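Okay, here's what each chain looks like letter by letter:
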Amino acid sequence: MSFLARLDSIVSRYLAEVAGPRERLALLRWQMAERHALDRRETMPGHVTTSAFVLSPDHAQILLIDHVVIGRWLQPGGHYEPAASFHESALREAVEETGVASPALHSWHRSGDLPFAIDSHEVPGNPRRNEPPHIHHDLQYLFIADPALPLTAQEEEVHAAAWKPIATLAEIAPVAFARLRTLSSHG
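K.L.:
Would you mind going over the overall build of the protein chain in detail, with residue names and values included?
P.N.:
Of regular secondary structure, the protein chain possesses 5 helices and 8 strands. Tracing the protein chain from N to C terminus, the helices and strands come up as α-α-β-β-β-β-α-β-β-β-β-α-α. Its C-alpha radius of gyration of 16 Å places the protein chain within 12% of the 16 Å reference for a compact globule of 187 residues. If one aligns the C-alpha atoms of the protein chain with their principal axes, the spans along those axes are about 45 × 40 × 30 Å. Counting every position in the protein chain, which comprises 187 residues, the buried fraction comes to 47%. Restricting the contact set of the protein chain to residue pairs at least 6 apart, pairs at least 24 apart contribute 67%.

K.L.:
I'd like to hear about the packing of helix α1 (residues 3-17) against helix α2 (residues 26-33), residue by residue, with values.
P.N.:
Put simply, α1 and α2 touch, their axes get as near as 11 Å, and they point 150 degrees apart. Both α1 and α2 take part in a crossing whose hand is left-handed. Residues Leu-7, Asp-8, Val-11 and Leu-15 of α1 touch α2, and the partners they reach there are Leu-28, Arg-29 and Met-32. Its residues placed into classes, the contact of α1 with α2 shows 5 nonpolar, no polar and 2 charged.

K.L.:
For helix α3 (residues 86-98), give the residues involved together with the corresponding values.
P.N.:
Between the first and last C-alpha of α3 there are 19 Å, a value that for 13 residues agrees with the 18 Å anticipated at 1.5 Å per step. Along α3, the residues classified as buried are Phe-86, His-87, Ser-89, Ala-90, Glu-93, Ala-94, Glu-97 and Thr-98. Burial along α3 is one-sided: seen end-on, the buried residues are contained in an arc of 155 degrees.

K.L.:
Account for the nonpolar core, naming residues and giving values.
P.N.:
Core analysis: the biggest nonpolar cluster contains 44 residues, and Leu-7, Val-54 and Leu-169 have the highest contact counts within it. For this core, the leading source of residues is α1, giving 6 residues. With sequence-adjacent residues up to four places away left out, Val-54 is seen in contact with Gln-61, Ile-62, Leu-63, Ala-94, Val-100, Phe-143, Ala-145 and Trp-163.

K.L.:
If you had to explain the packing of aromatic side chains to someone new, which residues and values would you point to?
P.N.:
Throughout the structure, instances matching the rule amount to 4 aromatic pairs. Through a chain of ring-to-ring contacts, three or more aromatic side chains come together here, namely Phe-3, Tyr-80 and Phe-86. Stacked on the ring of Phe-86, the Lys or Arg Arg-6 has its end atom at 4.6 Å from the ring centre. Against the face of Trp-73 rests Lys-164, its NZ or CZ located 4.1 Å from the ring centre.

K.L.:
Which residues make up the pattern of salt bridges, and what are the values?
P.N.:
Overall, the coordinates contain 7 salt bridges when judged by the stated rule. Residue Glu-17 is joined to Arg-13 by a salt bridge in which the shortest nitrogen-to-oxygen separation is 3.1 Å. On the criterion of helical spacing, the pair formed by Glu-17 and Arg-13 is a turn pair, its members being 4 residues apart in helix α1. On the basis of relative accessibility, which here comes to 48%, the residue Glu-17 falls in the partly exposed class. Note that Arg-41 is salt-bridged to Glu-131, the shortest N-O span being 3.1 Å. Of this pair, Arg-41 sits in the loop between α2 and β1 (46-55) while Glu-131 sits in the loop between β6 (117-123) and β7 (134-144), placing them 90 residues apart in sequence. For Arg-41, a relative accessible area of 27% corresponds to the partly exposed category.

What counts as what
- Residues numbered from 1 in each chain as written.
- Predicted model: local features only at pLDDT ≥ 70, side-chain atom pairs only at ≥ 80, totals over all residues.
- Heavy atoms only, no water.
- Helix = DSSP H or I, 4+ residues; strand = E, 2+ residues; numbered from the N terminus.
- Rg over C-alpha atoms; globule rule 2.2 N^0.38 Å.
- Buried < 20%, exposed > 50% of the residue type's maximum accessible area, 1.4 Å probe, protein only.
- Contact = heavy atoms within 4.5 Å.
- Axes fitted to C-alpha atoms, helices over the stretch in contact; angles between N-to-C directions.
- Left-handed = near helix turned anticlockwise from the far one by under 90°.
- Nonpolar A, V, L, I, M, F, W, Y, C, P; charged D, E, K, R; others polar.
- Expected span 1.5 Å × (residues − 1).
- Arc of directions from axis to C-beta.
- Core = buried A, V, L, I, M, F, W, Y, C linked by side-chain atoms within 4.5 Å.
- Phe/Tyr/Trp six-rings, centres within 6.5 Å; stacked < 30°, edge-to-face > 60°.
- Lys NZ or Arg CZ within 6 Å of the ring centre and 35° of its normal.
- Salt bridge = Lys/Arg side-chain N within 4 Å of Asp/Glu carboxyl O.

Have a look at this one:
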């Protein structure tokens, strides 16, 4: 199955099964309809990224990175790189950037590739790469890992990796944070 066919399948499922009433993903859906190469970082006005919300087993903490280029704490993630599933791309980024040991896909995903959240957001341009400001269509997945195990930040992209209180996510990813609160209250 092609990248766009896989993306279309999970975006359609996400909109039908997960998305809130204000999540329309209009730009992403338009770019998909136009057959843009969303798996390539040079595709404008936006392209696909994947990221990981790595939670402690009790959902009290989240693993975050202090991003070198963006200059703030975020969940680990990056530009999509080919993988058998989108969540595997997110997992690879989390392990590369933080050195987190043995993260497991959260049971919310039921072993599927449906994103927990899809967040299309503007990112600043990168003059070194001759990139203008653009959109990251970020497919976000949940993982569980042990916060007692050591971390190793990837120093080229990350100043630090650290476990933070889950409430820190409210400013970083409000849709995912609200959805996590609902998940935790039902779990």
